[in-house]
Amino acid sequence: MADEAMNNAKPTLRTVCVYCGSGAGQNPAFAEAAHALGKSLAAADVGLVYGGGDLGLMGIVARSVLDHGGHVTGVMPHFLRDREHLLTDVHELVVVDDMHQRKHLMFDKSDAFVALPGGLGTLEEFVEQLTWTQLGRHQKPIVLVNVHGFWDPLLELFDKMLGHDFIRTGFELKMTVADSAEDVLPVIRRALEDSPAAPRADKETIAKF
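About the cut-offs
Residues numbered from 1 in each chain as written. Predicted model: local features only at pLDDT ≥ 70, side-chain atom pairs only at ≥ 80, totals over all residues. Heavy atoms only, no water. Core = buried A, V, L, I, M, F, W, Y, C linked by side-chain atoms within 4.5 Å. Buried < 20%, exposed > 50% of the residue type's maximum accessible area, 1.4 Å probe, protein only. Helix = DSSP H or I, 4+ residues; strand = E, 2+ residues; numbered from the N terminus. Contact = heavy atoms within 4.5 Å. Salt bridge = Lys/Arg side-chain N within 4 Å of Asp/Glu carboxyl O. Pairing = 2+ DSSP bridges. Axes fitted to C-alpha atoms, helices over the stretch in contact; angles between N-to-C directions. Parallel < 35°, antiparallel > 145°, perpendicular 65-115°, else oblique. Left-handed = near helix turned anticlockwise from the far one by under 90°. Nonpolar A, V, L, I, M, F, W, Y, C, P; charged D, E, K, R; others polar. Arc of directions from axis to C-beta. Polar contact = N/O pair within 3.5 Å; in protein donor to acceptor, adjacent residues only side chain to side chain. Expected span 1.5 Å × (residues − 1). Lys, Arg positive; Asp, Glu negative; His and termini not counted.

(A) Looking closely at the nonpolar core. Counting 37 residues, the largest nonpolar core has Val16, Val18, Leu37, Leu41, Leu48, Val114 and Ile188 as the members making the most contacts within it. When residues of this core are traced back to their parent elements, those giving at least two are β1 (15-19), α2 (28-43), β2 (47-50), α3 (56-67), β6 (142-145) and α7 (184-194). For this core, the element with the highest residue contribution is α2, accounting for eight residues. Excluding residues that lie within four positions of it along the chain, Val18 makes contacts with Leu37, Leu41, Leu48, Val49, Tyr50, Val114 and Leu116. Ranked by size, the runner-up nonpolar core spans 18 residues in total, among them Tyr19, Val75, Leu130 and Leu144.

(B) Layout of unusual backbone geometry. The backbone of Asp45 sits at a positive phi, close to 60°, despite the residue not being glycine. Positionally, Asp45 belongs in the loop between α2 and β2.

(C) Here's a closer look at the environment of Gly25. Relative to the elements of secondary structure, Gly25 occurs in the loop between β1 and α2. Spatially, the C-alpha atoms of Gly25 and Gly56 are 7.8 Å apart, while their sequence positions differ by 31 residues.

(D) Expanded view of the pattern of salt bridges. Here the structure, examined in full by the defined rule, presents six salt bridges. Here Asp111 ties to Arg14 by a salt bridge, and the two come within 3.0 Å at their closest N and O atoms. With Asp111 in the loop between α4 (99-108) and β5 (113-115) and Arg14 in the loop between α1 (2-7) and β1, the pair connects residues that are 97 residues apart, well separated along the chain. Note that Arg63 is salt-bridged to Asp89, the shortest N-O span being 3.2 Å.

(E) Structural context of the sheet that holds strand β4 (residues 92-96). Spatially, β4-β3-β2-β1-β5-β6-β7 is the arrangement adopted by the seven strands of the open sheet, whose pairing is parallel. Strands at the two margins of the open sheet, each flanked by one partner only, are β4 and β7 (176-178). Strand-to-strand twist of the sheet, defined as the mean angle between neighbouring strand axes without regard to direction, takes the value 20°. One ladder, built from five bridges, connects strand β3 (residues 72-77) with β4; its direction is parallel. The residue bridging Met76 from the neighbouring strand is Val95, located in β4. Taken strand by strand, helix α5 (residues 120-134) contacts β1, β5 and β6, and its axis lies near 145° from that of β6.

(F) Structural context of the packing of α2 against α3. At a closest axis distance of 7 Å, the pairing of α2 and α3 adopts a crossing angle of 30°. Considered as vectors, α2 and α3 are oriented roughly parallel to each other. In terms of crossing hand, the pair formed by α2 and α3 is right-handed. Together, Phe30, Ala31, Ala34, His35, Leu37, Gly38, Lys39, Leu41 and Ala42 of α2 and Leu57, Ile60, Val61, Ser64 and Val65 of α3 make up the contact between the two elements. Class assignment for the residues of the contact of α2 with α3 results in 10 nonpolar, three polar and one charged.

(G) View of α4. Of the residues making up α4, those classed as buried are Arg102, Lys103, Met106 and Phe107. Viewed along the axis of α4, the buried residues span an arc of 125°, placing them on a single side of the element. The N-cap of α4, judged by a side-chain oxygen 3.2 Å from the amide nitrogen of His100 a few residues on, is Asp98.

(H) Here's a closer look at α2. Over its 16 residues, α2 extends 23 Å from the first C-alpha to the last, a length consistent with the 22 Å expected when each residue adds 1.5 Å. What α2 keeps buried is the set Ala29, Phe30, Ala33, Ala34, Ala36, Leu37, Gly38, Leu41 and Ala42. Its buried side turned inward, α2 meets β1, β2, α3, β5 and α7. Structurally, the start of α2 carries an N-cap: the backbone nitrogen of Ala29 is 2.9 Å from a side-chain oxygen of Asn27. Looking one or two places after α2, you find Asp45, whose phi comes out positive at around 60°.

(I) Representation of the side chain of Lys140 within the structure. Mapped onto the elements of the fold, Lys140 is located in the loop between α5 and β6. No salt bridge is formed by the buried Lys140; its nearest oppositely charged neighbour, Asp111, is found at 5.6 Å. A distance of 2.9 Å separates the side chain of Lys140 from the backbone oxygen of Phe107, its partner in a polar contact.

Below, the structure is given as structure tokens:
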């Protein structure tokens with residue numbers, strides 16, 4: 001009975017993985033959103049899992065969590081240590097061999113995924129999470145923070161894919177769009193509340209990341 005109750009328990013929110021740019025972008029609102037998200041994570045006692053760098057929005061969100069008393073886990077492949085300026089002030093720092101290990105570990109350590117503005121790396125990691133939910137490999141909440149409409153072109157592309165049946169019935173994108181960083185945690189909590197109870201991803205799934 002105890003095992004059954006554990007299996008039927010609703011997912012809890014302990015950590016959030018944030019994907020974002022290693023640059024700050026041209027709009028000051030991007031940095032403001034990163035700072036606000038870090039502050040809200042710390043205030044809610046929700047740990048940050050991120051790419052481990054000290055540059056751009058990555059550094060801003062991580063330092064904001066730290067400055068407000070929160071917990072930060074950084075995961076970075078060895079070859080990016082110098083390029084992305086490894087942030088050594090974090091509570092847990094993991095240096096891995098390659099990008100595949102980085103994605104695997106960030107996935108395994110996170111209960112939800114959030115994308116702030118960023119470049120191709122941000123986009124690639126965010127879309128990968130969407131793909132895995134399409135295939136039914138996990139049910140963790142995914143939130144796109146559309147600061148000042150930054151992600152509008154991507155949302156328009158998703159609509160075009162849907163219109164051309166490249167996103168088919170039964171494979172709808174399981175994500176939520178938030179207009180501000182302050183909306184992120186409420187959105188994630190609602191998604192967890194509405195989601196069916198499910199165990200964390202199995203080892204076979206994780207190994208494929």
